[in-house]
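Structural overview for review
As a plain string of letters, each chain reads:
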Amino acid sequence: MKIRLILLPLCGLGLLLSGCGGASGKALEKPYSFEERTFELTDLSLEESQRLPLFAADLCVVSDEEAYDSSDVDSEAGLLLSLSDNSVLYSKNAFERLYPASTTKIMTALIAIKYGNLDDLVTVTEEAVITEAGATLCGIQPGDVLTMRQLLYGLMLPSGNDAGAAIAVHMSQSLEGFAALMNQEAARLGATGTHFVNPHGLHDEEHYTTAYDLYLIYQEALKYPVFREVTGATAYPAEYVDKDGNPVSKTWEGGNWYMTGREETPQGLAVFSGKTGTTKAAGCCLVMASREEEQGGEEKEYVSIIMKAENRNNLYDNMTNIISKIVN
């Protein structure tokens, strides 16, 4: 009996996900060929083949975007996925290559949590000095000493590009070395439409991702309780010392309008994690997780993503449109 077996490259999941991994600036048409990624085995019994793990069994798989009304979202891309049953509730341009802005920091946080030591003391270096106009900062200076855990809050709440640089240099000795680690992790997760060149998301034409790849990265990060804790906070009191040993005290605040109460969350939902991102080229982006409370105490979790909205108000209008599908 001939059994067709899907090849599973070691570099990551998602190679068989329809459309994932576009390398051009446009949505790709059938970029993956199932036929080219299969081979025949004649020496496996049916019983043995049935024991093979199903590819992407624990992932949401977008297969037909025509089933969704694209007019529900006027941003460039939108995605709504259930983490509880791996269903797709909405998808628009999920595999289009776009700039991620500060949603990049989800990957930076994931690597810091997964491969770093959050109790490490980090001395901030000159690489953390970022002078680009409009860059968001948490306000650390060369010579300041913080823990990696503190830098995580500085990275994710005020979206500190300086905190991202400090984490990168501490872990990999350079921004370039850390970007290589980011790309290795992206490939391992199957985020094949992604390429990073920095830890913070400041614009570079070679720094890009897709909405679906952001889902792959984000759902991995949500597996770590500390990531949920950091991204679920609306404020963090940072206490550290400067280069002269003097105490520094400041409060970093988050920017997710649902979590801060500036934007009303649809009734029946609670937003518990998220990361915004904005640059001129990327537009306004938001990756977040919400929870639906049902009768009997059962909770269902969802990931929702909006990319390249024209402004902040438009971003939240689009996000509300898609997450309302959970409860309507």
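None of these values were measured; they are calculated from a predicted model.

Turning next to the overall build of the protein. The secondary structure content of the protein amounts to nine helices and eleven strands. Taken across its 328 residues, the protein has 52% of its residues classed as buried. Residue pairs in contact within the protein that sit at least 24 positions apart in sequence constitute 65% of those at least 6 positions apart. Total accessible area on the protein stands at roughly 15000 Å², and carbon and sulfur atoms take up 47% of it.

So, on to the nonpolar core. The biggest cluster of nonpolar side chains holds 69 residues, and the ones touching the most others in it are Leu79, Ile140, Tyr212, Tyr215, Phe227, Trp252 and Ile305. In terms of residues, this core owes the most to one element, helix H6 (residues 211-221), which gives eight residues. Other than its neighbours up to four places away in sequence, Ile305 contacts Ala77, Gly78, Leu79, Ala211, Leu214, Tyr215, Leu286, Val287, Met319 and Ile322. By size, the runner-up hydrophobic cluster in this structure holds 20 residues, among which are Tyr258, Tyr302, Ala309 and Ile326.

Right, let's talk about the side chain of Lys105 for a bit. Tracing the backbone through its elements, the reader meets Lys105 in helix H2 (residues 105-115). No salt bridge forms around the buried Lys105; measuring N to O, its nearest opposite-charge neighbour Asp162 is 7.5 Å away. There is a polar contact of 2.7 Å between the side chain of Lys105 and the side chain of Asn161. Once residues within four sequence positions are removed from consideration, Lys105 is found in contact with Thr136, Leu155, Met156, Ser159, Gly160, Asn161, Pro199, His200 and Lys275.

Looking now at the pattern of salt bridges. Evaluated as defined, the whole model comprises nine salt bridges. Notably, a salt bridge pairs Glu220 with Lys114, separated by 3.2 Å at the nearest N-O pair. Of this pair, Glu220 sits in helix H6 while Lys114 sits in helix H2, and the two are 106 residues apart along the sequence. Accessibility expressed as a relative area gives 8% for Glu220, which makes it buried. Looking at Lys114, the relative accessible area reads 22%, which means it is partly exposed. For Arg188, the salt bridge identified is with Glu185, shortest N-O distance 3.2 Å. Here Glu185 and Arg188 lie together in helix H5 (residues 175-188), a separation of three residues that amounts to about one turn. The class of Glu185 is buried, set by a relative accessible area of 3%. Within this structure, Lys114, Glu185, Arg188, Glu220 and Lys223 form a network of salt bridges that share partners.

The next point concerns the confidence of the model for the protein. Confidence along the protein averages 86 in pLDDT terms, with 81% of residues attaining 70 or more. Contacts from residues 1-55, a stretch scored under 50 in pLDDT, to residues over four places away or in other chains number 88 contacts.

As a further point, take the pairing of strand S11 (residues 299-309). Counting buried positions along S11 gives eight out of eleven residues, so the element sits mostly inside the fold. Examined bridge by bridge, strand S10 (residues 283-293) and S11 share nine bridges and lie antiparallel to one another. Note on S11: the bridge partner recorded for Ala289 is Val303.

What follows covers the packing of H2 against helix H4 (residues 161-172). Close contact between H2 and H4 brings their axes to 11 Å; oriented N to C, the two are set at 40°. The crossing of H2 and H4 is left-handed. In contact with Lys105, Thr108, Ile111, Ala112 and Tyr115 of H2, H4 contributes Asn161, Ile167 and Met171. Tallied by class, the residues present in the contact of H2 with H4 amount to five nonpolar, two polar and one charged.

Quick look at the sheet that holds S11 now. Strand order across the open sheet formed by five strands is S4-S3-S11-S10-S9, with antiparallel pairing between neighbours. In this open sheet, the two strands that pair with only one neighbour each are strand S4 (88-92) and strand S9 (269-279). The sheet shows a mean angle of 10° between the axes of neighbouring strands, taken without regard to direction. In this fold H6 packs onto strand S3 (77-82), S9, S10 and S11, with an angle of close to 140° to the strand it touches most, S11.

The terminal C-alpha atoms of helix H9 (residues 312-327) lie 23 Å apart, and with 16 residues this matches the ideal 22 Å at 1.5 Å per residue to within 8%. Of the positions making up H9, those classed as buried are Asn314, Leu315, Tyr316, Asn318, Met319, Thr320, Ile322, Ile323, Ser324 and Ile326. Turning to H9, the residues buried within the fold contact S3, S4, helix H8 (257-260), S9, S10 and S11. Looking at where H9 begins, the residue whose side-chain oxygen comes 3.2 Å from the main-chain nitrogen of Asn313 is Asn311.

Now for the side chain of Asp144. Structurally, Asp144 can be placed in the loop between strand S5 (121-123) and strand S6 (145-147). Despite being buried, Asp144 has no salt bridge partner; Lys250 is the closest side chain of opposite charge, sitting 6.1 Å away. Reaching out from Asp144, the side chain makes a polar contact with the backbone nitrogen of Gln141 at a distance of 2.7 Å. Apart from the residues within four sequence positions on either side, Asp144 is in contact with Val122, Thr123, Val124, Tyr240, Val241, Asp242 and Lys243.

Thresholds, definitions, all that
- Residues numbered from 1 in each chain as written.
- Predicted model: local features only at pLDDT ≥ 70, side-chain atom pairs only at ≥ 80, totals over all residues.
- Heavy atoms only, no water.
- Helix = DSSP H or I, 4+ residues; strand = E, 2+ residues; numbered from the N terminus.
- Buried < 20%, exposed > 50% of the residue type's maximum accessible area, 1.4 Å probe, protein only.
- Contact = heavy atoms within 4.5 Å.
- Areas by Shrake-Rupley, 256 points an atom, 1.4 Å probe, with all protein chains shown as cover.
- Core = buried A, V, L, I, M, F, W, Y, C linked by side-chain atoms within 4.5 Å.
- Lys, Arg positive; Asp, Glu negative; His and termini not counted.
- Salt bridge = Lys/Arg side-chain N within 4 Å of Asp/Glu carboxyl O.
- Polar contact = N/O pair within 3.5 Å; in protein donor to acceptor, adjacent residues only side chain to side chain.
- pLDDT = per-residue confidence, 0-100.
- Pairing = 2+ DSSP bridges.
- Axes fitted to C-alpha atoms, helices over the stretch in contact; angles between N-to-C directions.
- Left-handed = near helix turned anticlockwise from the far one by under 90°.
- Nonpolar A, V, L, I, M, F, W, Y, C, P; charged D, E, K, R; others polar.
- Expected span 1.5 Å × (residues − 1).

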